[in-house]
Amino acid sequence: MTFPTHARAVIVGGGIIGCSTAYHLARLGWDVVLLERHKLTSGTTFHAAGLVGQLRGSANITELLGYSVRLYETLEAETGQATGWKRNGGLRLACNAERWTEVKRQATTARSFGLDMQLLTPSEAQDLWPLMDVSDVIGAAYLPTDGQANPSDITLSLARGARMAGARIVEDCAVLSVAREKGVITGVHTSNGFIRAGIVIACCGQWTRDFAAPLGVTVPLMSMEHQYMVTEPIAGVTRDLPTLRDPDRLTYWKEEVGGLVMGGYEPNPKPWAISGIPEGFHYTLLDSDYGHFEQIMELALGRVPALQTAGIKTLSNGPESFTPDGNFILGEAPEQPGFFVGAGFNAFGIASGGGAGMALAEWVVRGEPPMDLWPVDIRRFGRSHFDADWVRSRTIEAYGKHYTMAWPSEEHDSARPGRRSPLYDRLKARGAVFGEKLGWERPNWFAAPGEVAQDIYSYQRPNWHDAVGREHRAARTAAVLIDQTSFAKFMLQGPDAQTALQWVCAGDVSGPVGTLTYTQMLNDRGGIEADLTVVRTGPDAFYIVTGTGFATRDFDWIRRGLLDANAQLIDVTSGYAVLSLMGPRARDILSAVTWADLSNAAFPFGTAQTLAIAGAPVRALRVSYVGELGWELHLPTEYAQTVYEALHSAGAGHGLIDAGYRAIETLRLEKGYRAWGADIGPDTTPLEAGLGFAVAFGTAFRGRDALLAQRAAGLGKRLVIVTAARDVILWGRETVFRDGARVGYLGSGGFGHTLNRSVGLGYVRRREGVSKDWILSGRYELEVAGTRVPCDVTLSPPYDPAGLRVKS
Ligand SMILES: Cc1cc2nc3c(=O)[nH]c(=O)nc-3n(C[C@H](O)[C@H](O)[C@H](O)COP(=O)(O)OP(=O)(O)OC[C@H]3O[C@@H](n4cnc5c(N)ncnc54)[C@H](O)[C@@H]3O)c2cc1C
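In this report, we go over the structure that sits alongside the text. All values reported here derive from a predicted model rather than from experimental measurement.

## Looking at helix H11 (residues 465–477)
Part 1 of the argument: Taking 1.5 Å of rise per residue, the 13 residues of H11 would be expected to cover 18 Å, and the 18 Å separating its terminal C-alpha atoms lies within 8% of that figure.
Part 2 of the argument: Those residues of H11 lying buried are His465, Ala467, Val468, Gly469, Glu471, His472, Ala474, Ala475 and Arg476.
Part 3 of the argument: Buried positions along H11 lie against strand S21 (440–446), strand S22 (479–483), strand S28 (576–582), strand S32 (656–658), helix H16 (661–670) and strand S35 (741–752).

The following block contains the structure:
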C-alpha cells in the first residue's frame, strides 16, 4: 500500500478503540486512515485481562457495552479472525448487608436497562463457581450475557473488518502533530509524511493527554499501574467458568487456559509516568510489584483457597489510563472543532471497545452523539481538569473506589477545596457540609449545633435527612438563602444576538428587556441539549444561566449554534455570585434591603430587574427551582459577603435560614421540576418531558420540525411523577410497573418532606403510544431493590399543582 496523502478522517492509535472506530467509520462509508506508531495492540490493549461486563450506572452506557457483546459474538464469523470471545456469564458477590442492597438495586437497574440479571443464593453462586469459599457471601448477582475475549485478537479482528470495509491502516507511523490553519484542522504531520484531513480522532490511549495538549485540548487522564496474576492450571477450573467480581475483596477473576486470572483495585494505587511516558514504550510491561499486590492476594486467598497451592505464571503489571470520574472520554473537543477523542478507558476498554467505537464513529459522521452520552462526554470537564496534579489526585481516589460501595449522593474527598465562593468560610462556620461539582464547593446541607457536620452514607435514610427536612420546611413556610454562586453564567452580546439565540432556544427570547425565559435548547431530533434561563438585559444583550456542571457543554452548544452570527458569547461565571432567596417571606426580607417595588404588579414572576442592595448592583431574577416565591440574586462577586449579611439581618425576624443543594433536590422533586442529566436530556423532547409549555412553536428554532412531527404522531413515552409511602427509599433507577408490566424507570428519586412521601420522576413507555388516559388509568408499582411496592403516578406536581406559590 502506498502511503496515503489524504483522508476524510485520520485515526491516531491502533489499540482496540482506534481499530473499533476505524471499523465503524469505514462501514459508514468514510474514507479513513488509521496510523499506529508501532504495531496494532502494542500500547495497553495487548496486556488487558479481557473481562467483558456490561452493567453501568447509565442506560445508554450499558447499551454501548451490550452493543460490544453483540458485536463480539459475530465478529469472528464476519472477519475470519479469531476473537477469543466466549459468553460465560458474570457473577458479582455481596458480603455484607449494604452491599447486598447495592447488588439488589443493581439487579433492578439492570432489568430497567433490559439486561437479565439474576439474584442467587450463596450456594447457587457456588454451583457456578465451585472453587470459591462462600462462607461470608450473603448473595450474588449473575449476568448470563457477560463474557470474556482475547483483547489482541478482538482488536485484530476489528482491524481486519475495518480493512474489509475500505479503511487503510498503517503501522510504524507516528503522528507528530496536528496541522491547523486559522483554527481549522488541515491534516497531520507523521513520521512518514503529511496526510491531508479535516478530522483527527485521537485514540492514543494513555498518550492522548499529551497528544491533545498542543491544540489547547484538555483530556484529563492519568496512567496508573494495574496488576493481575495468572496461575498455572488449577483442577476444577473449567472453560465455562463465569467471570467473577468480588467487590468486598476488591478483586476480579476469569478463567485462562485452565488457570485463573485474578486482579484487583487496591486503595493505594500507584500513578505512573508522572513526568511523561518514556520513548519506545511498546509491548512493554512494568516490573511486577509483589509487595504492592500482597494486599490483593490476601483478600483473594480468602475467596479461593486453591490459590495457596497454585503455581503462579506471571504477575502482569501494565499501565492503563484512568480518569477522575472513572468513565471514559468521548467526543469532539470543545476547544478544537474537528478534533475527536476516544480515550481514558479505566480498565474497561475491551468491554467498551465495540460500543465506544460505534458511538465515536457516529459522532464524527453526524457531528453529534447518536444518543445521550453525557456520562462519557468530553464536555463534562471544566477548569480544574486543566491541572494535571488535580486530575491525578482525583483519579487516584476514583481508582481506589472502583470496587468500594457506590453510595447514593457520594461525594469525592480528594483535590478539595478548589473553587470557592466568597461565602465558603462563612457557610462552613455555620455548619455547611459541602459537595463538589466541576471543582466548585457547594453547600449540600447545614448541620445544627450538636449534629455531625459530615456525610455518613447509607442506602437507607442518610444522616443528613433531618437537616435537609429542616431546610425544606423553612423554604415552604418562611425563607431560605442558598449560595448558588457556582451556576454557570454567560453573556451574549452583539447585533445578531437575538436572532442567533432564537435559533438555539425553543422558548421565545424576543420579549422586552427584563424578560426572563425558561427554555430548552434542542438537537435536530427535538432532544433537550440544554435547559436554562435566559434574561434579556438589553436590545442586543442576554444573560444566560445554567447548571454548574454544564458550563463547558452548554457554552459549546450555544457557541456552535451561533454559526456566523455577529454576536459574542462570554463566560462570566467568576464575575457573579448568586444568592437564592426563596420562600413565602422572601418579599418581606428583600423589601427590607431595597427601595424597589417588589409587588407582583411591579416585579412579576418571569422577569428580571437590577436592584440596589447594600451598595451593590444586584440583578434579581424572579424565578424558582424550589416552587416558592423567590428571587435569584446575581451580584458582582466582591459584594457577596456584604449582600449575604444584609439579607441575613433582614431575614432574622422572618425565620430565614441557610439551605443547601440537597434541600433544593427534595423541593424540586415535590414540584416536579426536571433536572437535566437525570430527567431530561438529548434523548427526551420537551413534549415527552411535559415541558411543551416552554416551547414557542410560533418562532423558528432548531428541532422544531421534529417536535411538530412528534406532536402529530403522538408520544411513545411521557415523564410522570411517582409518589410512594415514606418508608420506600428512592434514589433513582427504580423500575416502574403498570398493571404488572414493566413500563419504565425513575431518573431521579428522593423524599418530599412536605408531602411526607417518597417522590421520583421517570418516563413510562408504550409502543402503541402513551395517552393521558392510559397513564392515569393504570395501577402502578415500583421495584425497589428487588421488591415491588405500590405507588401513585401523576402528570402534575403533587405539591402546588396550580403553581400559585411561585406567583404569589
Ligand atoms: C492490567 C490491565 C488489565 C485490564 N483488564 C481489562 C479487562 O479485563 N477488561 C477490559 O475491558 N479492559 C481491561 N483493561 C483495559 C484495556 O486494556 C484498555 O482500556 C484498552 O486496551 C485501551 O485501549 P486504547 O485503544 O484506548 O489504548 P491503547 O491500546 O494503548 O492504544 C493506543 C495506541 O495509540 C498509539 N499511539 C499513541 N500515540 C500515537 C501517535 N502519536 N501516533 C501513532 N500512534 C500513537 C499507541 O502506540 C497505542 O498502540 C485492562 C488494562 C490493564 C492495564
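The structure having been displayed, the exposition proceeds.
## What to know about the sheet that holds S32
Part 1 of the argument: With respect to topology, six strands assemble into an open sheet ordered S29-S30-S31-S28-S22-S32, the strand pairing being mixed. Only two strands of the sheet have a single neighbouring strand rather than two, namely strand S29 (608–613) and S32. On average, each strand axis in the sheet is inclined to that of its neighbour by 25°, with strand direction left out of account.
Part 2 of the argument: Looking at chain direction, strand S30 (residues 616–621) and strand S31 (residues 630–636) are connected through three bridges and run antiparallel. Note on S31: the bridge partner recorded for Arg619 is His634.

## Some remarks on the site of the ligand
Part 1 of the argument: Around the ligand, a shell composed of 37 residues is seen, among which Glu36, Thr44, Thr45, Glu320 and Ala351 lie nearest.
Part 2 of the argument: In the model, a nitrogen atom of the ligand is placed 3.0 Å from a nitrogen or oxygen of the Val175 main chain.
Part 3 of the argument: Relative to its unbound accessible area of 1000 Å², the ligand is 98% covered by the protein chains.
Part 4 of the argument: At the level of secondary structure, the elements contributing two or more residues to the shell around the ligand comprise helix H1 (16–27), strand S13 (222–231), strand S17 (312–322) and helix H8 (349–366).
Part 5 of the argument: Tallied by class, residues from the shell around the ligand come to 21 nonpolar, 13 polar and three charged.

## Some words on the side chain of Glu441
Part 1 of the argument: Along the polypeptide, Glu441 turns up in strand S21.
Part 2 of the argument: Here Glu441 falls in the buried class, since its relative accessible area comes to 6%.
Part 3 of the argument: Within the structure, Glu441 has its side chain in polar contact with the side chain of Arg416 (distance 2.8 Å).
Part 4 of the argument: Excluding residues that lie within four positions of it along the chain, Glu441 makes contacts with Arg416, Pro417, Gly418, Arg419, Arg420, Tyr424, Phe434, Gly435 and Glu436.

Definitions and cut-offs
- Residues numbered from 1 in each chain as written.
- Predicted model: local features only at pLDDT ≥ 70, side-chain atom pairs only at ≥ 80, totals over all residues.
- Heavy atoms only, no water.
- Helix = DSSP H or I, 4+ residues; strand = E, 2+ residues; numbered from the N terminus.
- Expected span 1.5 Å × (residues − 1).
- Buried < 20%, exposed > 50% of the residue type's maximum accessible area, 1.4 Å probe, protein only.
- Contact = heavy atoms within 4.5 Å.
- Pairing = 2+ DSSP bridges.
- Axes fitted to C-alpha atoms, helices over the stretch in contact; angles between N-to-C directions.
- Near = heavy atom within 4 Å.
- Polar contact = N/O pair within 3.5 Å; in protein donor to acceptor, adjacent residues only side chain to side chain.
- Areas by Shrake-Rupley, 256 points an atom, 1.4 Å probe, with all protein chains shown as cover.
- Nonpolar A, V, L, I, M, F, W, Y, C, P; charged D, E, K, R; others polar.

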